[in-house]
Amino acid sequence: MAIRSVLSTRTLSGLKETSSKLLGFRGIQTFTLPDLPYDYSALEPAISGEIMQIHHQKHHQTYVTNYNNALEQLDQAVNKGDASTVVKLHSAIQFNGGGHVNHSIFWKNLAPVNQGGGEPPKGALGGAIDTHFGSLEGLVKKMSAEGAALQGSGWVWLGLDKELKKLVVDTTANQDPLVTKGASLVPLVGIDVWEHAYYLQYKNVRPDYLKNVWKVINWKYASEVYESECK
Amino acid sequence: MAASSAVTADYVLKPPPYSLDALEPHMSRQTLEFHWGKHHRAYVDNLKKQVLGSDLEGKTLDHIILNTYNNGDLLPAFNNAAQAWNHEFFWESMKPGGGGKPSGELLALLERDFTSYEKFYDEFNAAAATQFGAGWAWLAYADNKLKVMKTPNAVNPLVLGSFPLLTIDVWEHAYYLDFQNRRPDYIKTFMNNLVSWEAVSSRLHAAKAASSSSA
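Residues numbered from 1 in each chain as written. Chains lettered and ligands numbered in written order. Predicted model: local features only at pLDDT ≥ 70, side-chain atom pairs only at ≥ 80, totals over all residues. Heavy atoms only, no water.

Defined as follows: UniProt positions are given in the numbering used here, feature names are shortened, and annotations may be inferred rather than shown by experiment.
In the annotation of an unreviewed UniProt entry, the entry for chain B reads Superoxide dismutase, and the organism field reads Brassica oleracea var. oleracea. Turning to chain B, the UniProt annotation filed under Function (unreviewed entry) states: "Destroys radicals which are normally produced within the cells and which are toxic to biological systems." Checking UniProt for chain B, the heading Subcellular location (unreviewed entry) contains the comment "Plastid, Chloroplast".

Within an unreviewed UniProt entry, the label attached to chain A reads Superoxide dismutase, and the organism entered is Brassica oleracea var. oleracea. Quoted verbatim from the Sequence similarities (unreviewed entry) field of the UniProt record, the comment on chain A reads "Belongs to the iron/manganese superoxide dismutase family." Reading the Subunit (unreviewed entry) entry of the UniProt record for chain A gives the comment "Homotetramer."

Structure (structure tokens):
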């Protein structure tokens, strides 16, 4: 069911500093905007400081605020036994909860160059990428092409299919988390291709954003997630 | 916009019926340069390339839109065709010195179908603000009634059995340079300062004529 899939422990595994206690009997634990582990301007010139600030302080914050409101309303509806309101809140939870989940992963997927941003993955993940995509360049080419071709708003992902034990590239629409494409999918790298992620800097030229974002992708984090999921 | 019966069709990037800086300060020239000059142009150019050599070649835009919607399981040419149509419709939905309350027959109909202009205004604003992700909000006409609709990505009322009368583009590229994340401010500015009620009225007349001729 949609709510469970958004709030599964899998998707929250990377969000250690965010509170994980949800929908407690006596009221709910709300979510907060995570801090970025780097300055807004630290990803320049790949992503401008202006974009990072608005993206984090406005867009992500709005998802958090609206997610908390929706969960508050959900709690009340559940306690009242108001089934139709519970169902009606599903899309607000998927949009805003998904937005919070996805962006929390995204900030960890990025790192300044002087903190390893752009450094190719080594170890197990590097090997798996070569096995499944031929090379890192092959993966980058595929993800960039799928990201550029996505109509409207969404994300392009590198994921691990835990069941089939293989890497996959997939896209999701709007703020749907990767898990909505398959319950056994774990996100390793997500690239936001909503226009707000690049417009002030790259305008209509999404392919240029996709070319440059790889220079600040944090493969260390992706490797950590991959290795912990492969145990 | 009635479907034409032309045997061949040329897909044209029509300029807006005003200069690119004429909507300032409500919609900047820079926005028009990118939104019309790059985004809309790309939909037209890509559509031409896409239909070349296919059985859609030479068909009107309306024909392509209606035949590629496929009940929501979109065929490849839908996005470019619908977005080319939607953007031309959008430029013509605005004018310099526009916005505010309409008068005459249009106001009477809005009051009939929404109780008051203010209720219509609130409903249109809400639709535009709550269309999640990319899409459009519309005033449309169907079954002799006006209604507000919102659609995702490239979808428009034509494929949903309604006559479009007015639209606002709520893809982020429509407002990001001028308003960044503040979509509600953009929507208010559009309603207060940009809407061409003349265009809406003439579209309503065409819609009524088309309905009664097919009755």
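That covers the picture; the talk isn't over yet.
### A few points about the domain arrangement of chain B
Residues and elements named next belong to chain B. For clarity, the threshold we go by: The domain limits used here are those given by an automatic or database domain assignment. The contact definition used throughout considers only heavy atoms, calling two residues in contact when any of these lie within 4.5 Å. Buried surface area refers to the total accessible area, computed with a probe of radius 1.4 Å, that the two partners give up upon joining, counted for both partners together.
Along its sequence, chain B is organised into domain 1 (28–93) and domain 2 (104–214). Distance from the C-alpha centre of domain 1 to the C-alpha centre of domain 2: 19 Å. Across the contact, 22 residues belong to domain 1 and 27 residues belong to domain 2. Regarding the contact of domain 1 and domain 2, the summed buried area is about 2000 Å², with carbon and sulfur atoms giving 64% of it. Among the residues domain 1 hides against domain 2, the three largest losses belong to Phe89, Phe90 and Ser93. Together they make up 29% of the total.

### Quick word on the side chain of Asn212 of chain A
Residue and element names in this part refer to chain A. The cut-off we apply is this: Numbering goes from the N terminus for both helices and strands, where a helix is a DSSP run of H or I of at least four residues and a strand is a run of E of at least two. Categorising residues by exposure relies on relative accessible area from a 1.4 Å probe, with only protein chains included: less than 20% of the type maximum marks a residue as buried, more than 50% marks it as exposed, and the intermediate range marks it as partly exposed. Polar contact is defined as a pair of N or O atoms within 3.5 Å, subject to the rule that within protein one atom must be able to donate a hydrogen and the other to accept it, and that residues adjacent in sequence are counted only when both atoms are side-chain atoms.
Residue position: Asn212 is located in helix α9 (residues 206–213). What makes Asn212 buried here is its relative accessible area of 19%. Within the structure, the side chain of Asn212 is placed 2.7 Å from the side chain of Lys215, a separation counted as a polar contact. Beyond its immediate chain neighbours, meaning those up to four positions away, Asn212 contacts Ala46 and Tyr202.

### Describing the pairing of strand β3 (residues 185–192) of chain A
All names here are of chain A. Here is the rule we go by: When DSSP locates at least two bridges between a pair of strands, those strands are taken to pair.
Where burial is concerned, most of β3 is hidden: 8 out of the 8 residues are buried. As judged from the 7 bridges shared by strand β1 (residues 154–161) and β3, these two strands associate in the antiparallel manner. Across the sheet, the residue bridging to Asp161 is Leu185, located in β3.

### Focus: the packing of aromatic side chains
The following threshold applies: Pairing of aromatic rings covers Phe, Tyr and the six-membered ring of Trp, with a centre-to-centre limit of 6.5 Å; geometry is then stacked below 30 degrees between planes, edge-to-face above 60, and tilted otherwise. Each ring is checked for a lysine NZ or an arginine CZ that lies within 6 Å of its centre and within 35 degrees of its normal; such an atom marks a charge sitting over the ring.
Scanning the model with the defined rule gives 27 aromatic pairs over all chains in all. Between the aromatic rings of Phe106 of chain A and Trp107 of chain A, the centroid separation amounts to 5.5 Å while the plane-to-plane angle is 45 degrees, which identifies the pairing as tilted. When its relative accessible area of 2% is taken as the criterion, Phe106 of chain A is described as buried. Both rings, one in Trp194 of chain A and one in Phe132 of chain B, keep their centres 5.6 Å apart while their planes meet at 75 degrees; by these two values the pair is edge-to-face. Of this pair, Trp194 of chain A sits in the loop between β3 and α8 (199–202) while Phe132 of chain B sits in the loop between α5 (117–130) and β1 (135–142), on two different chains. Taking NZ or CZ as reference, Arg41 of chain B lies 5.3 Å from the ring centre of Trp36 of chain B, over its face. A cation over an aromatic ring shows up here: Arg203 of chain B above the ring of Phe89 of chain B, its NZ or CZ 3.6 Å from the ring centre.

### So, the sheet that holds β1 of chain A
Residue and element names in this part refer to chain A. This is how the line gets drawn: In this analysis, axes come from line fits to C-alpha atoms, helices being fitted only over the stretch in contact, and the angle between any two N-to-C directions falls in the range 0 to 180 degrees.
Across the sheet, 3 strands lie side by side as β2-β1-β3; this open sheet has antiparallel pairing. Strands at the two margins of the open sheet, each flanked by one partner only, are β2 (166–173) and β3. Across this sheet, the average inter-strand angle for adjacent strands is 25 degrees, counted without regard to direction. Pairing analysis gives 8 bridges linking β1 to β2, with the strands arranged antiparallel. Paired with Trp157 across the strands is Asp170, a residue of β2. Where helix α10 (residues 219–229) meets the sheet, it contacts β1, β2 and β3, and its direction lies at approximately 165 degrees from that of β3.

### As for the UniProt feature "domain: Manganese/iron superoxide dismutase N-terminal" (unreviewed entry) in chain A
Residues given the UniProt feature "domain: Manganese/iron superoxide dismutase N-terminal" (unreviewed entry) here are residues 30–111 of chain A. Secondary structure over residues 30–111 of chain A splits into 71% helix and 0% strand, and the C-alpha atoms at its two ends are 27 Å apart.

### Things to note about the interface of chain A and chain B
Put simply, the rule reads: Each salt bridge in this description consists of a side-chain nitrogen of Lys or Arg and a carboxyl oxygen of Asp or Glu lying within 4 Å of one another. Residues were grouped as follows: Ala, Val, Leu, Ile, Met, Phe, Trp, Tyr, Cys and Pro as nonpolar; Asp, Glu, Lys and Arg as charged; and all remaining residues, including Gly, as polar.
Every contact between the two is made by 17 residues of chain A and, on the other side, 16 residues of chain B. Between chain A and chain B the total buried area reaches about 1700 Å² when both faces are included, carbon and sulfur atoms providing 64% of it. Summed over the shared surface of chain A and chain B, the result is 0 salt bridges. Counting the contacts that link chain A with chain B gives 6 residue pairs in polar contact (both at pLDDT 80 or more). Here the side of chain A that touches chain B gets 4 residues from one element, more than from any other, and that element is helix α3 (residues 49–80) of chain A. Counted by class, the side of chain A that touches chain B contains 6 nonpolar, 8 polar and 3 charged residues.

### Structural notes on helix α5 (residues 90–109) of chain A
Short version of the rule: By definition here, a helix of n residues has an expected span of 1.5 Å times n minus one.
Here α5 of chain A contains 20 residues, and its C-alpha end-to-end distance of 27 Å stays within 8% of the 28 Å for a straight helix at 1.5 Å per residue. Most of α5 of chain A is tucked away, with 15 of its 20 residues classed as buried.

### Thoughts on the pattern of salt bridges
All names here are of chain B. Here the structure, examined in full by the defined rule, presents 13 salt bridges over all chains. Residue Lys95 is joined to Glu198 by a salt bridge in which the shortest nitrogen-to-oxygen separation is 3.1 Å. A residue pair is termed long-range when its members are at least 10 positions apart, and Lys95 in the loop between α3 (78–91) and α4 (104–114) and Glu198 in helix α8 (residues 197–214) qualify at 103 residues. Lys208 serves as the salt-bridge partner of Glu105, at 2.6 Å between the closest nitrogen and oxygen.

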